[in-house]
Structure formats: C-alpha cells, structure tokens
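Structure assessment
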Amino acid sequence: ADHVLVRQRVTTAIANLLYAQSIDTISSYRTYFLNYQGILIDELISLSNDQDKIASGSIRALGHLYVLLGQGDSRRIRIANTIAKKINQGNAKVRWNACNSIAYMLTWCPSEALLSSNTFVFPSLVTAVVESKNYKVRTSAISAMTTPNTLQDYDGLEIPTQMVRLFEETLSNIRNVDQQSNLNQNSEMFRDALLSASVKLMNLLE
C-alpha cells in the first residue's frame, strides 16, 4: 500500500500478532504465521527501510519473528543484522525499539549467544552507548547488552569483560562532564543504568 498510515497500522498489527504467537506455543495461528515466514521476513526487512513510523513497527515485528523461528535457522542472522542496523539509524523511537527487540530476542533465545555470534549486534549496541545523543536509546542499549544472565549466554568471558571496560570508561566521561555542568535527570538515569549493569557483569565474572 502507498498510504503511510496504512503501512504503519499494518506493521503495528503484525508486530502485535507475532508477539501473541511468540508467547503462545499452543495457538493454531502460530502454524499459520510460520507458513508465511519467508514472505514476512522479506516484507518486514523491506519496511524497516521505510519512514520511521513504519520502520519502528517492522523492527518490533522482526524481533518477535526471530523468536518464532527455530533455533539454528540461518535467517535469524539476517533478522538480527537488520535490527542491529536500526540501533543507530532513524529517529529515537526506531532506535530504542531496535534495542528493545534485541533484549527480547536475548530473553527468549539466550542459548543463541547473539552478542558474540556472527552479527553486528554487539558493535551496534556499543556505538549507541558511546555516541547516541538520546539517553533513552543509550539506556535501552545497556539494558539489551546485559539481558543475558549467565556467562554461557555470553559465550564466555570476552564480551562481558569488554562491556565492563566500556561502562567504566563511559562513567568516567560522565563524571568529567558533570564537573562542568549540572547533572540532569536523563544523565542521572543513564549513570544509574551504567552502574547497575557494571555490578551485574562483575558478579557474573567473579
């Protein structure tokens, strides 16, 4: 459809339906969606390059579709890379939806070791934490990076160790800025997120 509002509502509806199917393993509609997974993947990836209002819904939908696909399905890498690209593209809503989709994927598919696999996910999240001008995007990126709860989910020590260094350096930069200006509410929330993430990772590494 050419109409922006139609495309926006369709992508939002698909995202909501796929979410319902990803948490309901009994529903007969789950099989129906999986029968059309190839078409859905192609169309949703195409829509992720549409206007921001449409891209935002398509990114949500792709995250849910990732969960619906079977473990080891090679198309998961294509979906993960599409979402990772949007972490640093588009408006703030597109970016934090991309971060939230990664967190959702890591929650439901922890054994995929998505942060250390052959995707752009981890580098894209790092870029968001370091360079984004939007604190909500930066905080969402931190949340996604620290979604895994075991070293096995991170596929070892390397990624958590890199993240601890990243968070410590970012905290140091924030403190330097704070000495020159008043700390606002957004930067306080970001600082708190960094501290909580660092503590969680250091506990994992003990």
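First, a word on scope: everything that follows refers to the structure included in this document. This is a predicted model, so every value here is computed, not measured.

**A look at the pattern of salt bridges**
Evaluated as defined, the whole model comprises 5 salt bridges. Aspartate 192 is the partner of arginine 191 in a salt bridge, and the nearest nitrogen-oxygen pair spans 3.9 Å.

**Focus on the layout of surface pockets**
Counted as a void, the second largest pocket has a volume near 150 Å³. Along the walls of the second largest pocket sit Gln8, Thr12, Asp52, Lys53, Ser56, Gly57, Arg60, Asn91, Lys93, Val94 and Asn97, which together make up its complete lining. Going through the elements one at a time, helix 1 (4-22), helix 4 (52-68) and helix 6 (92-108) are the ones with two or more residues in the lining of the second largest pocket. Among the elements that make up the lining of the second largest pocket, the one with the highest residue count is helix 4 (5 residues). Residues that form the lining of the second largest pocket fall into these classes: 1 nonpolar, 6 polar and 4 charged.

**A word on the environment of valine 130**
Counting through the fold element by element, valine 130 comes out in helix 7 (residues 121-131). Among the residues examined, valine 130 registers a relative accessible area of 45% and is labelled partly exposed. Through-space distance from the C-alpha of valine 130 to that of phenylalanine 167 is 9.2 Å; in sequence the pair is 37 residues apart. With residues up to four places along the chain from it excluded, the contact list for valine 130 reads Arg138 and Leu166.

**Notes on helix 6**
Under the 1.5 Å per step criterion, the end-to-end length of helix 6 is 24 Å for 17 residues, consistent within 8% with the ideal 24 Å. Of all the residues in helix 6, the buried ones are Val94, Asn97, Ala98, Cys99, Ser101, Ile102, Ala103, Tyr104, Met105 and Leu106. Looking at where helix 6 begins, the residue whose side-chain oxygen comes 3.2 Å from the main-chain nitrogen of lysine 93 is asparagine 91.

Conventions we followed
Residues numbered from 1 in each chain as written. Predicted model: local features only at pLDDT ≥ 70, side-chain atom pairs only at ≥ 80, totals over all residues. Heavy atoms only, no water. Salt bridge = Lys/Arg side-chain N within 4 Å of Asp/Glu carboxyl O. 1 Å grid on protein atoms, 1.4 Å probe; cavity = no way out; pocket = protein on both sides within 12 Å on 5 of 7 lines; lining within 4 Å. Points joined across faces, edges and corners; volume = space filled by probe spheres on them. Helix = DSSP H or I, 4+ residues; strand = E, 2+ residues; numbered from the N terminus. Nonpolar A, V, L, I, M, F, W, Y, C, P; charged D, E, K, R; others polar. Buried < 20%, exposed > 50% of the residue type's maximum accessible area, 1.4 Å probe, protein only. Contact = heavy atoms within 4.5 Å. Expected span 1.5 Å × (residues − 1). Polar contact = N/O pair within 3.5 Å; in protein donor to acceptor, adjacent residues only side chain to side chain.

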